[in-house]
Amino acid sequence: MRDKNKVIVGVSCGDINGIGLEVLINSFTTEKLFDRCVPVLYVPVKTMKSYLRALKIKDFDLHIIKNPKDALMYKMNIIDFAAKDNQLSLGKSTKFAAQIAVDSLSLGVSDLKKNLTDLLLTLPVNKHNISLAKKDFVGHTEFLSKQFDNQKNLMILCGQDLKIATVTNHVAISNISGLISKSIIDEKISILYQTLRMDFLISKPKIAVLSLNPHSGDNGLIGYEDDQIIKPVIVSWFNSGHEVYGPYSADAFFGSKKYKNFDAVLGMYHDQSLIPFKTICFGEGVNYTAGLSAIRVSPDHGVAYDIAGKGLANSQSLVYSLLFSLELFNNRSLYLKNLLKTKVKQ
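Numbering of residues starts from 1 in every chain and runs along the sequence as written. Side-chain atom pairs in this predicted model are given and counted only at pLDDT of 80 or more, local residue features only at pLDDT of at least 70, and totals for whole chains, interfaces and linings cover all residues. Excluded from the side-chain calculation are hydrogens and water; included are all heavy atoms of the structure.

J.: Explain the sheet that holds strand β3 (residues 62-65) residue by residue, including any values.
T.: Should DSSP find at least two bridges between two strands, the strands are regarded as paired. Secondary structure elements follow DSSP: runs of H or I no shorter than four residues count as helices, runs of E no shorter than two count as strands, and numbering proceeds from the N terminus. With respect to topology, twelve strands assemble into an open sheet ordered β3-β4-β2-β1-β5-β12-β11-β6-β7-β10-β8-β9, the strand pairing being mixed. With partners counted over all chains shown, the strands left at the sheet margins are β3 and β9 (243-248), one partner each. Across this sheet, the average inter-strand angle for adjacent strands is 25 degrees, counted without regard to direction. As paired strands, strand β7 (residues 163-166) and strand β10 (residues 264-267) are joined by three bridges and run parallel to one another. In the sheet register, I164 faces β10, and the bridge partner there is V265. Along the sheet, helix α5 (residues 140-147) contacts β5 (119-122), β6 (154-158), β11 (286-290) and β12 (295-299); its crossing angle with β12, the most-contacted strand, is approximately 165 degrees. Where helices are involved, their axes are fitted lines through C-alpha atoms of the stretch in contact, as for all axes, and angles between N-to-C directions lie from 0 to 180°. Contact criterion: two residues are considered in contact whenever any of their non-hydrogen atoms come within 4.5 Å of each other.

J.: Any details on the packing of helix α1 (residues 20-30) against helix α2 (residues 45-54)? Residues and values, ideally.
T.: At their nearest, the axes of α1 and α2 sit 11 Å apart, and the two run at 75 degrees to each other. Classified by the angle their axes make, α1 and α2 are roughly perpendicular. Here L21, E22 and I25 of α1 lie close against α2, whose contacting residues are M48, Y51 and L52. Charged means Asp, Glu, Lys or Arg here, nonpolar means Ala, Val, Leu, Ile, Met, Phe, Trp, Tyr, Cys or Pro, and polar covers whatever is left, Gly included. Along the lines of polarity and charge, the residues of the contact of α1 with α2 split into five nonpolar, no polar and one charged. If an angle is under 35 degrees, it is roughly parallel; if it is over 145, roughly antiparallel; if it lies from 65 to 115, roughly perpendicular; otherwise it is oblique.

J.: Describe helix α8 (residues 225-239), with residues and values.
T.: Here α8 is 15 residues long and its end C-alpha atoms lie 20 Å apart, about the 21 Å a rise of 1.5 Å per residue gives. Under the scheme applied here, a residue whose accessible area is under 20% of the maximum for its type counts as buried, over 50% as exposed, and between as partly exposed, the area being computed with a 1.4 Å probe on protein chains only. Along α8, the positions that sit buried rather than exposed are E225, D226, I229, I230, V233, I234 and W237. As for α8, its buried residues are in contact with α6 (173-179), α7 (182-198), β8 (206-210) and β9. Positive phi shows up at G241, right after α8, with a value of about 95 degrees. Here the expected span of a helix is defined as 1.5 Å times the quantity of residues minus one.

Right, dumping it as structure tokens:
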């Protein structure tokens, strides 16, 4: 039987030819994670068994179920689904692997929306590979947003020393400036602020906002966006009694380690946020989709085709992601419980 106090973690299998399943298996084998949660993995059973054989892993207990409510403790619970081809091609991008990744993610999100699982851990995918099966797939964040009725969301990269979010996600550099507006900056600050309060239990968050242009635009010499778009929103938040500061030039901000003085940082675009994050927190990082009514996390690495199946993959980021997600789930539950108590008293 399952302990009702244990969190049910849905897991999408990602690219079966990458390292996702490998780090998942290793994590639950070595880190005693079965003591912390009940995993439900969405993957064809034949594929999972092929992976275990490829890694020469024995005695890894699989429990086949049709519904997460039937999940057992201390088992890797598997929700099976049909696939046209279960053949592994470790280290290679294949259309069959892409379709399995899409189907797994779709099933995982569906059960999450139905509250059959408590949170979702997504294993890495190859975006180009996924496009072979789903042409409009840009990334997990965008997919989750669409599946949750386009709820406003925010991609936050979380590590022990840094939490950093992005205003824009997977878009071309040439398009970024046109996507920066007062309304979108205000929206992202709002999501970040509320997330820090609800999911991290920080009562009065302190947030730094990065500039778009080098040297914060240098008083308009290198672009107008920082003075005319970003700064007025920051001033509005600050004047309303919130600790929101900036815009800071990214190079000096990280070079001087100012990020250590803030609870979180908001960057303008993907690489502006991801480069310092992976420099500072690589191997322990978590990709968190904030703003949704449910919790979704992912490790900070990709499919790593070059080392797939070779026993070289590091499981640290996945372990950290899982433990981090459990902390978020508990924090959010406590926050909402206290919020309900406050409303009842009123």
